Structures are given as C-alpha cells and as structure tokens.
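A structural walkthrough
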Number of protein chains: 2
Amino acid sequence: MAVYTEVGFDEADRLLKSLGLGALTDLHGIRSGIENTNYYATTAQGQWVLTLFERLAREQLPYYLQLMQHLALRGIPVPAPQAGADGGLLHTLAGKPAAVVTRLPGSHRMAPGALHCEQVGSMLGRMHRASIGFEPDQPHLRGLAWWAETVPVVLPHVTPDEAELLRSELEFQQAVGGSAAGNALPRGPIHADLFRDNAMFDETAGEDRLCGFFDFYFAGTDALLFDVAVCLNDWCIDHASGRLVEDLAVPFLAAYQSTRLLTPGELRLLPALLRAAALRFWLSRLWDWYLPREAALLAPKDPAHFERVLRDRIDNPWHPPL
Amino acid sequence: MAVYTEVGFDEADRLLKSLGLGALTDLHGIRSGIENTNYYATTAQGQWVLTLFERLAREQLPYYLQLMQHLALRGIPVPAPQAGADGGLLHTLAGKPAAVVTRLPGSHRMAPGALHCEQVGSMLGRMHRASIGFEPDQPHLRGLAWWAETVPVVLPHVTPDEAELLRSELEFQQAVGGSAAGNALPRGPIHADLFRDNAMFDETAGEDRLCGFFDFYFAGTDALLFDVAVCLNDWCIDHASGRLVEDLAVPFLAAYQSTRLLTPGELRLLPALLRAAALRFWLSRLWDWYLPREAALLAPKDPAHFERVLRDRIDNPWHPPL
C-alpha cells in the first residue's frame, strides 16, 4: 500500500488509554489494505486493530462503525469498535479519523472447502438477520448507480468485446434493478465485499472454524442477495476457470438458508445477482487497472478474472438444486 | 425450578419490539436455573434469552448486565444484553426485573476432555484480560465474608467431623485472605460459577468448539485465581473421586497462561484457592440441603461431592508442573 501513516507509540498509547483499554505494550503496522492504515495494538486488556482512514470521507465512517457495533452486540463475531467516554466510536489519530476495534483471532483460508463455505453461509445468514433492526442508512456506494457512472469511464480503455459486454450487462442489471422483482428483493445493510480475505478461521483439533468477518468499509444498504452472490463468486468457485463448484456452492447456500430462508423471488434472481456481483468487481478492477489513483495500489489485481466469472454466469446461469 | 413466572406471548413481543429486536415468532420456557425464569425467544433478527430475575435484588442487576455488555464489546463470546432506547439494559416484564440477551449456540459438555479444558482455559484468560478496564464494582457475594457468615449457620446440621473441617478450613481461608500474599493476588470481576453447565460448545466437523460462557449472576470482584480454581475443580477432575486429573488440569492451565500469565504469587496460592473454591460450593450446597428456602430447588445437589473435593485438595495440594 502506498498510502501509509506512521503512528507513534506514545500517541497510540494515549488513544488506547483514553478508551479505557489500558497501556499499550506492543504496536506494529500491517502492510495490507487499500483504503486504510492498520496497526495491531496490544494492551493488558487484549488485542486491538487501530485503523486510520486514509480515503473514506469522515461523514461515511460512523455508519460502518455503528453497524459493526450493532452486529457485535447481537453476537455476530465482527470487530467491535471501542467507544470513548462520550460513546463516540470515531476518534482522531495522527490528524486522521481513526477507530480501535477488537482483533479477531485466526487467519485467512484462501483454498476453502465445503466446511469453510458452510460456516460462511451460516454466519452470513445470521448476520443478515441480526442487521434487520439497524436504523442508520447509507447507500451501497459500489451499487448500480456506481456501475452506471463507471462503465463510461472505463469503456475507452477496453477491447470492443469487453466494451460490448460491459454495456449489455449494465443494461441488463438496470432492467433487473428497475423491475418489480428487483425492487421486491429484501434489502438491508450488506457487507458487500465478503471475500476470503475478509474472514478469519482458526484451528481446533485439526478442523478450521470461522472466527468472524471483518472490513465493513464497503457496507451499505442493498439487496441481501448481493452479499450471497459475492460470496458464491469468491468462496465457491474454481479460481482458474471462475466456474461455480456445486460441492461448495450447495453447502454454502444450504447453510445460509438454515439461518435465513431465501424468498422465492431471491431464488429466481440469484443468477442475475451472480452476474451483478461479477460486474461490480470487474468494474472496480478495470478502474484500478486503467485509472490508477495517485498513491493507490502498487499492484492492481488483474480484471480478467471477473470478466471470466461474468461470462460464465451469463453462459451458465446457476439455479441451485435445493 | 419451583419459582417460575409465566410470561405472555404479547407482553414478551412488546418488550422485544421496544428493544428494536423485531416481532416475536416463538417463545418457550426453559425449565432450568435456580434464581431466574428463562425463556428462549425468536424474532426475525435472531434468538434471544429472556430472563426474569426472581431473587436477585434489582440494585445488583446492572452490574451483571454491564459486565456482560463490556465483555461482549471486547469480543468475548458471552450473552450480550440488549439495550432500550435510553441505553438501559434492565427492563421490566410481568412485574419483574428482566433482561434480554443474545442466545449462545451450542450445548453443554458434561464429560469434557483435554480439548474442552484447553478452550475453557484460553477463553477464561482472555476474559480476565478483557475485564480489566471494567469500572463498576460489586463484591463477590459468595466470597470469604459469606463463608464466615454461613459456616455457623450450617454447623448445627452436620456431623462433628464435617463441623471440624468447616471450622478449620474457614480459619485457614481467613488467614490466607488476610495475608500479604492473599492481598497481593490480582483482582477483578470474576465469573465465580464457571461450571460445565455455564459454557456452550458446538460441533464443527466432529470436533467440539467453545461458543461462550454464560450466567454471570454470581459475578463480582475477587481474586482472578478463584475463577481458575472453580474451573479446575469442575472441568478437570474425576467426578467419582473428586481428584484433579493432570491430563486435563495441565492443558487447562497452560491454555489459561497462553492468554494471561499467572503471577508467581498466584502459582504459590493455587493450592489454597483450590480449597477455597471447594469450600464455597460445599457451603452453598450444605445450605441448600439443610436450609431449603421457600420455593427453592426441588432437588438440592448432594453436598458430599464438594466435601470430598475439599478433603482431597487439603491432602493432595496441587502444584502444577508447568
């Protein structure tokens, strides 16, 4: 990551003490993440992640932090933001907006099996249920409106084939979004970026166990089914071909439904949302690839993966055999 | 349980709605617990435990609920009390003080192995660390002062041998409690009743995994080592003889120390605290056995088990081979 703020031990210590978390005993930076600077911090009370927001607008931040707090208080294992004496979750460190959240144990599983997919499905369903009562509202900022804005920007950079696919898929998604069926999809706060590297697992007696979801900084109100589609497109596929693997996708979806039943309308629109979720990440990768921001990613990810995923979801619409 | 308050579906529904948890879809009573009436409640948002406090004084309750909230917000899986619009955690239902907390998944493991003991030890250490910053203070109401009060009350009911043991053990514990070493023990909010039936496990791929601790209604400020001793005396023993089983006790303690290191003073006083923890439950069981309260337990537990445990801890002081 090119954007990175150095945080002094003493100023981090002062922040943690002001939150009642005790004196800092260890602090080290995490060289990952695109939008934020992250540090692991240890005090006598536990382990924390200290996040400085480098790009997100300060007005957007309370929504994410309140959502995480809402979920943590409803028993969903997500990083819990630590409040100051006034109850506020957003702090200031090194002149930047900052948060201190609990550190989840565990590490990523980049080659998940059915057991991992099942656990992710079940917890995603629980999370969607638990988020129902969450009152703050902020749009999903990488949703349909952003796709419509972004397609024309990347068009000059892509091949005619790709341009044709982008245009036709955007048109298809706008039709879905404007349809009665699209509008009837249950909506709520979604994570919107629940890839394998935003979940933690640890091992108990040789078996991996999901410890929680994190990085809610793309969250916003949208169709719950979009989260399901993002997960299917990342957790339950063959990454070489981009194809869904039914031995992963079916356990994922069955486990999701064990905690939150999909409506008949959601089941019908799943193939369309799988396309939408592929389009969203193809677009953002095209953007990062052709229009690198100042001081952004040093190594943007290859957009071609999500082009393959999108073409496959169009050619092979998946109707789950449930 | 003889004390039991019937809660109507409609009044429970009103309470859950007022907490922003959605409409009640299912409610059923749990016929367990000594001091409280408990119901499982389901709404679209999730599953909850609704507790009516039958015996605890209303003034005591905020402490327990605030402690649970503090721990939940620091990532310890404990039932999280749900707040009303004013932030209050204590509500009223059927004319009784009441709380609504998240329901932990899982079930008890009454024949724990080393894997269970390890997980309990590790989470207990994490919980003790996370509780350091908790500011409300309430004494541990089943601590030394209560033992001193209760020994004379049960003495007339027990055999001369038992009376002698109660008197001499109380004297020993008063000496420990009044000693410099006793006063130097790290103190904080402890659970104080962390038996096997106050922890939940569920199964992932055939392996049990700790989902959390509950029932904090004996919690209070005392030596953290008391919690360790209560756990050792229940999780890590042969229940027929009452003896510690090193194959359970050593993994338990090593796991505890992986998250919170015991001080040299704590290690030295562990044999004394194992006796204290045995005395505390022997005393409460003697009380329940010989002085049954009106409408209390229908079937009080046999006090003889903890008499055996106490005699064993005196005869075989355990110095962990760490």
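Residues numbered from 1 in each chain as written. Chains lettered and ligands numbered in written order. Predicted model: local features only at pLDDT ≥ 70, side-chain atom pairs only at ≥ 80, totals over all residues.

It is worth spelling out the overall build of chain A at this point. In terms of regular secondary structure, chain A is built from ten helices and nine strands. Reported as C-alpha extents along the three principal axes, the dimensions of chain A are approximately 55 × 45 × 40 Å. Looking at chain A as a whole, 45% of its 322 residues are labelled buried. Restricting to contacts in chain A with at least 6 residues of sequence separation, those with at least 24 account for 71%. (Helix = DSSP H or I, 4+ residues; strand = E, 2+ residues; numbered from the N terminus. Buried ≥ 20, exposed ≤ 12 C-beta atoms within 10 Å, placed from the backbone. Contact = placed C-beta atoms within 7 Å.)

It is worth spelling out the confidence of the model for chain A at this point. With 97% of its residues at a pLDDT of at least 70, chain A reaches an overall mean of 93. If you check the scores for this complex, the pTM reads 0.88 and the ipTM reads 0.79. (pLDDT = per-residue confidence, 0-100.)

The subject of this paragraph is the relation of the copies chain B and chain A. Each copy superposes on the other: chain B lies on chain A with an RMSD of 0.0 Å after a rotation of 180° and an axial shift of 0.0 Å. Each copy turns onto its partner about a two-fold axis. A high fraction, 100%, of the interface residues of chain B reappear at the interface in chain A, so the copies pair face to face through one surface. (Least-squares fit on C-alpha atoms with pLDDT ≥ 70 in both.)

Time to look at the packing of helix α7 (residues 224-235) of chain B against helix α8 (residues 246-259) of chain B. Residue and element names in this part refer to chain B. Axis separation between α7 and α8 bottoms out at 10 Å; the angle between their running directions is 150°. Overall, the two elements α7 and α8 adopt an arrangement that is roughly antiparallel. Where α7 crosses over α8, the two elements pack in a sense that is right-handed. When α7 is examined against α8, the residues V228, C231, L232 and W235 are found in contact with a partner set consisting of L248, A249, F252 and Y256. Residues that form the contact of α7 with α8 fall into these classes: eight nonpolar, no polar and no charged. (Axes fitted to C-alpha atoms, helices over the stretch in contact; angles between N-to-C directions. Parallel < 35°, antiparallel > 145°, perpendicular 65-115°, else oblique. Left-handed = near helix turned anticlockwise from the far one by under 90°. Nonpolar A, V, L, I, M, F, W, Y, C, P; charged D, E, K, R; others polar.)

Turning our attention to the sheet that holds strand β3 (residues 46-53) of chain B. Backbone hydrogen bonds are what pair the strands of a sheet, in a parallel or an antiparallel way. Residues and elements named next belong to chain B. As summarised here, the arrangement of the five strands in space is β1-β2-β3-β5-β4, forming an open sheet in which the pairing is antiparallel. Both edges of this open sheet fall to β1 (24-30) and β4 (91-93), since each of them pairs with a single strand only. Averaged over all neighbouring strand pairs, the angle between strand axes comes to 35°, with direction disregarded. As defined by bridge partners, β4 adjoins strand β5 (residues 96-102) across three bridges and the pair is classed as antiparallel. For T92, the partnering residue across the bridge sits in β5 and is P97. (Pairing = 2+ DSSP bridges.)

The next thing to look at is the interface of chain B and chain A. The interface is formed by 22 residues belonging to chain B together with 22 residues belonging to chain A. The leading source of residues in the side of chain B that touches chain A is helix α3 (residues 114-130) of chain B, at four residues. Here the side of chain B that touches chain A is composed, by residue class, of nine nonpolar, eight polar and five charged.

Time to look at the sheet that holds strand β1 (residues 24-30) of chain A. Residue and element names in this part refer to chain A. Read from one edge of the open sheet, five strands run β1-β2-β3-β5-β4, paired in antiparallel fashion. Both edges of this open sheet fall to β1 and β4 (91-93), since each of them pairs with a single strand only. For this sheet, the mean angle separating the axes of adjacent strands, direction not counted, is 35°. Sheet analysis places strand β3 (residues 46-53) next to strand β5 (residues 96-102), joined by five bridges and oriented antiparallel. Considered in β5, the bridge of L52 is made with A98. This element, helix α1 (residues 9-18), spans β1, β2 (36-43), β3, β4 and β5 of the sheet and lies at about 115° to β1.

Residues and elements named next belong to chain A. Under the domain assignment, chain A is made up of domain 1 (9-102) and domain 2 (114-315). Its C-alpha centre places domain 1 at a distance of 26 Å from the equivalent point of domain 2. Listed per partner, the contact involves 16 residues of domain 1 and 16 residues of domain 2. Here the residues of the side of domain 1 that touches domain 2 are counted per class, giving eleven nonpolar, three polar and two charged. (Domains from an automatic or database assignment.)

Attention shifts here to the environment of G188 of chain B. Residue and element names in this part refer to chain B. Along the polypeptide, G188 turns up in strand β6 (residues 187-190). Here the alpha-carbon distance between G188 and L225, two residues 37 residues apart in the chain, equals 9.9 Å. Those residues in contact with G188 that sit more than four places away from it in its chain are H128, S131, I132, T221 and L224.

Side chains of nonpolar character tend, in soluble globular proteins, to be buried together. The biggest cluster of nonpolar side chains holds 172 residues, and the ones touching the most others in it are A229, F252 and L273 of chain A together with A229, F252 and L273 of chain B. What F252 of chain B contacts, discounting residues up to four positions off in sequence, is C117, E118, V120, G121, C231, L232, W235 and C236 of chain B. (Core = buried A, V, L, I, M, F, W, Y, C linked by C-beta atoms within 7 Å.)

Let's shift gears to the pairing of β5 of chain B. Among the seven residues of β5 of chain B, six are classified as buried, and the element is accordingly described as predominantly covered. The hairpin turn running from β4 of chain B into β5 of chain B, its antiparallel successor, is two residues long, and A94 of chain B in that turn takes a positive phi close to 50°.

The periodicity of an α-helix, 3.6 residues per turn, causes residues three or four places apart in sequence to face the same way. All names here are of chain B. All of the buried residues in helix α4 (residues 144-154) are L144, W147, T150 and V154. In an axial view of α4, the angular spread of the buried residues amounts to 120°, which keeps them on one side of the axis. Seen from the open side of α4, the exposed residues pointing more than 90 degrees away from its buried face are A145, E149 and P152. Of the surrounding elements, those touching the buried residues of α4 are α5 (160-178) and α9 (264-290). (Arc of directions from axis to C-beta.)

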